[in-house]
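Each chain, letter by letter, is given below.
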Amino acid sequence: MGLYIEARIRADLDALWAHTQDPARHQRWDLRFTEIDHLPRAEGEPQRFRYAVRVLPFLTVSGTGVSAGERERPDGTRTSALRFASPHPLSLLAEGSGYWRYVPVGDGVRFLTGYDYRPRWGAFGALADRVLFRPLMGWATAWSFDRLRLWLERGITPERALRNWLAELAVRALVLTLCAAGLGRGSLPGLPGPFTDALAFLCPLLLVVGVFLALFKKPLATTPAARRCLRAPATRVRAPRILRTLEKHS
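Residues numbered from 1 in each chain as written. Predicted model: local features only at pLDDT ≥ 70, side-chain atom pairs only at ≥ 80, totals over all residues. Heavy atoms only, no water.

So, about the confidence of the model for the protein. Considering every residue of the protein, the mean pLDDT works out to 88; 91% of them sit at 70 or more. Within the protein, strand β1 (residues 3-9) carries the highest mean pLDDT (96), whereas helix α5 (residues 193-198) carries the lowest (57). (pLDDT = per-residue confidence, 0-100. Helix = DSSP H or I, 4+ residues; strand = E, 2+ residues; numbered from the N terminus.)

Here it is as structure tokens:
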């Protein structure tokens, strides 16, 4: 089953195209990549690239790919397609392909992607992909799309957006920890005796509300969130024809 992510971005089409096609800007907002570099190419040939992902502080997985784009289409949309592969033995992702579509709408652009890949490591890899890696890749793509949206719509740089997300995550974790501790004790932790007595009957309710808010409250407007993106197409979609033209170059 392939992955599908869609975000509506209130920005100029040319600006969105530049932020997604330029490797230096792409690697800043896309959580899935640490480095993206274009490789030399001959005139008229698709663009080849190298990518790297830092999985752990001491482990970087790299791969290569080829991409092509259609900047001018009769219907006003734009398309970019790519094929990629990683020979690294520790990369669960062996090879894959995908596309981006840029669809102008009244107040901006529908920016959407569809992609799929083949995992390695046999039956174990297929299970790990289905249970953990594929959901994680879907979340990372959606989170990255929303980080890109914040950059274009609000001028919040990807680096600042990441700090906002980490700060909000830390606050939610702190609230959740304090509320869980209070539920375990049966009272609000750290309150003096008179306050504890006065609020004794409200304590469990307040703590449950705190847990609920920490887990389910909408993220702040300046914090990237995967939940803001669509994760399934409203109608049936087809991969662009340009993707097939890359098969002979991969």
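This next bit is on the pairing of strand β4 (residues 59-70). Pairing of strand β3 (residues 47-56) with β4, which is carried by nine bridges, proceeds in the antiparallel orientation. Looking at β4, one finds that arginine 48 is bridged to valine 66. Taking the residues between adjacent antiparallel strands as the criterion, β3 and β4 are bridged by two residues. Bridge count between β4 and strand β5 (residues 78-85): seven bridges; the pairing is antiparallel. When the bridges of β5 are listed, serine 67 appears paired with leucine 82. (Pairing = 2+ DSSP bridges.)

Attention now goes to the nonpolar core. As a rule of thumb, nonpolar side chains are buried together in soluble globular proteins. The biggest cluster of nonpolar side chains holds 20 residues, and the ones touching the most others in it are Ile9, Leu16, Trp29, Tyr102, Phe111, Phe145 and Leu148. Those elements that provide at least two residues to this core are β1, α1 (13-21), β6 (93-105), β7 (108-119) and α3 (122-154). When residues of this core are assigned to their parent elements, the largest contribution, six residues, is made by α3. Apart from the residues lying within four places of it in its own chain, the contact partners of leucine 148 are Ile9, Leu16, His19, Thr20, Trp29 and Phe111. In terms of nonpolar packing, the next biggest core, distinct from the first, is built from nine residues, Tyr4, Val66, Leu243 and Leu246 among them. (Core = buried A, V, L, I, M, F, W, Y, C linked by side-chain atoms within 4.5 Å. Buried < 20%, exposed > 50% of the residue type's maximum accessible area, 1.4 Å probe, protein only. Contact = heavy atoms within 4.5 Å.)

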